[in-house]
Amino acid sequence: AALTKAVINLTCNAAEAMSQGGTIRIATENRRLDTTLKRYEQINPGQYAVLTVEDQGGGIEPEDLARIFEPF
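A brief report on the enclosed structure follows. (Residues numbered from 1 in each chain as written. Predicted model: local features only at pLDDT ≥ 70, side-chain atom pairs only at ≥ 80, totals over all residues. Heavy atoms only, no water.)

1. Regarding the pattern of salt bridges
Defined as follows: Here, a salt bridge means any side-chain nitrogen of Lys or Arg that lies within 4 Å of a carboxyl oxygen of Asp or Glu. The rule is simple: take the accessible area with a 1.4 Å probe, protein chains only, and divide by the maximum for that residue type; under 20% is buried, over 50% is exposed, in between is partly exposed.
All told, the structure shown has four salt bridges when counted by the stated rule. Between arginine 32 and aspartate 34 there is a salt bridge, and its shortest N-O distance comes to 3.2 Å. Arginine 32 sits in the exposed class, given a relative accessible area of 53%. The salt bridge involving aspartate 64 is made with arginine 67; its shortest N-O contact spans 3.5 Å. Residue classification places arginine 67 among the partly exposed residues on the basis of a relative accessible area of 46%.

2. Thoughts on the environment of glutamate 16
Cut-off, in case you're wondering: Strands are runs of DSSP state E lasting at least two residues, helices are runs of H or I lasting at least four, and both sets are numbered from the N terminus onward.
On the secondary structure map, glutamate 16 appears in helix H1 (residues 2–17). When its relative accessible area of 64% is taken as the criterion, glutamate 16 is described as exposed. The sequence separation of glutamate 16 and alanine 27 amounts to 11 residues, and the corresponding C-alpha distance is 19 Å.

3. Regarding the environment of threonine 36
Inclusion rule: Any two residues whose heavy atoms approach within 4.5 Å at even a single point are treated as in contact.
Within the element layout of this structure, threonine 36 appears in the loop between strand E1 (25–33) and strand E2 (37–38). Judged by its relative accessible area of 36%, threonine 36 falls in the partly exposed class. The sequence separation of threonine 36 and glycine 46 amounts to 10 residues, and the corresponding C-alpha distance is 9.1 Å. With sequence-adjacent residues up to four places away left out, threonine 36 is seen in contact with Gln42, Ile43, Asn44 and Pro45.

See the structure below:
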């Protein structure tokens, strides 16, 4: 249920970002991570499913980028 809501929110945000229209691309892929990544959280080596949502909107404003994972 949480993944469904996340995909719906990402898709809605992408559509709102393209006031002149455009394409939204949703893709998944399997990816193996051989080394630990330290991003917002530590991601350990292993097999992962990667979800990508892309649009043709203008992007996130730099001042908002640091806050994208904060709850509403």
